[in-house]
Number of protein chains: 2
Amino acid sequence: MTVSLLERLIEAFRVLPGVGQKTAQRMAYHVLERQREGGARLSAALAEAIERVGHCERCRDFSEAAICPVCASASRDRHQLCVVESPADRLAIEQATDYRGLYYVLQGRLSPLDGIGPRELGLDRLVARLGEGEVQELIVATNPTVEGEATAHYLAQLARQHGVRPSRPAHGLPLGGELEYVDRGTLSHAFGSRSEVP
Amino acid sequence: MTVSLLERLIEAFRVLPGVGQKTAQRMAYHVLERQREGGARLSAALAEAIERVGHCERCRDFSEAAICPVCASASRDRHQLCVVESPADRLAIEQATDYRGLYYVLQGRLSPLDGIGPRELGLDRLVARLGEGEVQELIVATNPTVEGEATAHYLAQLARQHGVRPSRPAHGLPLGGELEYVDRGTLSHAFGSRSEVP
């Protein structure tokens, strides 16, 4: 029996993260039953984004243009550079904070065991950027995982070598969380880094 | 500021069921970072399915052809007709059971409050089908909700009027479930419909 268009569509939905057979079925049926227009929009948006979205030459974030709007903006503070692992991290910071500096997206993290060193991450471009002398503070916002921490350590050294002040977002208890449910590592770190109540 | 392709893609993903802003972001980034090929396949499959998948003239299920493969198959038992509310229900039955009869997809259920009566469900076609005399058993597999039950009741009457034997899948405790966690309605029904241990 040949594979039907419906089966092919269900299979295709499974490339999305967190989408298994059941969810893919629900998505396919939902689109065909109730959202043909939205589905057509999704199909077009996907094709166009895949075709035309590349990486910004300055910050390596996703961008349609050679230089992304943030890097091109005259209103951003060019003395601060925030290094993140992925475009999603950049977006999260942009949406949650009032940070007005620039970004640099690693598109990964140092992971010697997987053969990902400074060269694979394209850190030479970051080094060149630090050498330009415009950046005064390098905010290292890699993830607080083992590899993220190692990357942060490496980047902080790099910054110091170029006379740039490295900094790290604070780690500790999440706001609104309950002590009881915080993981041990975080709790232990938060306890060790306690500060005097002013 | 104009909406970027990335933002448009994130917005487009939100037509999918159960996909909010965060998930849509994750999907868009995932596709652009790691699954451009899969994304292109998804875009093409979506466009083609939306364009070419219609409804089977016999059973109203999704089909590329005028008559779907199940209705056209010579190996299915034409004396049994299973009525379901949606194509997803049909698929679930097809995948879980060894039912070899035919299907009829209502594409909805009777819901007088929403103005959905026998006419809106296209029940005249089902009536015509019952009148053909080929169907001997009408398996009413609508959902065990208030509206599904009302629909089942109506369909069972319809079947009897045409000398067709109506039946309903058994309701009761789900296999592998624990009594403690079964909802009250199901437990009460299962208790009332208990059968003697042979």
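Residues numbered from 1 in each chain as written. Chains lettered and ligands numbered in written order. Predicted model: local features only at pLDDT ≥ 70, side-chain atom pairs only at ≥ 80, totals over all residues. Heavy atoms only, no water.

Visitor: I tried to follow the packing of helix α2 (residues 21-34) of chain A against helix α5 (residues 87-96) of chain B on my own but got confused; where do I start?
Guide: Helices that pack against each other are described as a pair by the angle of their axes relative to one another and the distance between those axes. In contact at an axis separation of 10 Å, α2 of chain A and α5 of chain B are set at 145° when each is read in the N-to-C sense. Taking contact as the criterion, the partners of Gln 25, Tyr 29 and Glu 33 of chain A in α2 of chain A are, on α5 of chain B, Pro 87, Ala 88, Leu 91 and Gln 95 of chain B. Along the lines of polarity and charge, the residues of the contact of α2 of chain A with α5 of chain B split into four nonpolar, two polar and one charged. (Axes fitted to C-alpha atoms, helices over the stretch in contact; angles between N-to-C directions. Helix = DSSP H or I, 4+ residues; strand = E, 2+ residues; numbered from the N terminus. Contact = heavy atoms within 4.5 Å. Nonpolar A, V, L, I, M, F, W, Y, C, P; charged D, E, K, R; others polar.)

Visitor: Which parts of the structure should I look at to understand the interface of chain B and chain A?
Guide: With 43 residues of chain B at the interface, the matching set in chain A holds 43 residues. Here chain B packs against chain A, burying approximately 4,300 Å² in sum over the two surfaces, 72% of which is carbon and sulfur. When residues of chain B are sorted by the area they lose upon contact with chain A, Leu 5, Val 15 and Pro 17 of chain B head the list and together hold 15% of the total. Viewed at the interface, chain A and chain B are joined by two salt bridges. Residue Arg 8 of chain A pairs with Glu 48 of chain B through a salt bridge whose shortest N-O separation is 3.4 Å. At the boundary of chain B and chain A, one finds 11 residue pairs in polar contact (both at pLDDT 80 or more). Every element with two or more residues in the side of chain B that touches chain A is listed here: α1 (5-13), α2 (21-34), α3 (36-52) and α5 of chain B. In terms of residue count, the dominant contributor to the side of chain B that touches chain A is α3 of chain B (14 residues). Taken together, the residues that form the side of chain B that touches chain A break down as 25 nonpolar, 10 polar and eight charged. (Buried area = accessible area lost by both parts, 1.4 Å probe. Salt bridge = Lys/Arg side-chain N within 4 Å of Asp/Glu carboxyl O. Polar contact = N/O pair within 3.5 Å; in protein donor to acceptor, adjacent residues only side chain to side chain.)

Visitor: Teacher, can you tell me more about the domain arrangement of chain A here?
Guide: Think of interface size as the accessible area that goes away when the parts come together; that is how it is often given. Segmentation of chain A into domains returns domain 1 (5-47) and domain 2 (77-167). The gap between the C-alpha centroids of domain 1 of chain A and domain 2 of chain A is 36 Å. (Domains from an automatic or database assignment.)

Visitor: What am I meant to see in the pattern of salt bridges here?
Guide: Close approach of charged atoms allows side chains of opposite charge to pair. This structure, assessed with the given rule, holds 18 salt bridges over all chains. In this structure, Arg 34 of chain A and Glu 33 of chain A form a salt bridge, with 3.8 Å as the shortest nitrogen-oxygen distance. Taking the relative accessible area as the measure of exposure, Glu 33 of chain A reaches 30% and is therefore partly exposed. A salt bridge links Arg 52 of chain B to Glu 48 of chain B, with the nearest nitrogen and oxygen atoms 2.8 Å apart. Pair noted here: Arg 52 of chain B and Glu 48 of chain B are both in helix α3, with a separation of four residues, about one helical turn. (Buried < 20%, exposed > 50% of the residue type's maximum accessible area, 1.4 Å probe, protein only.)

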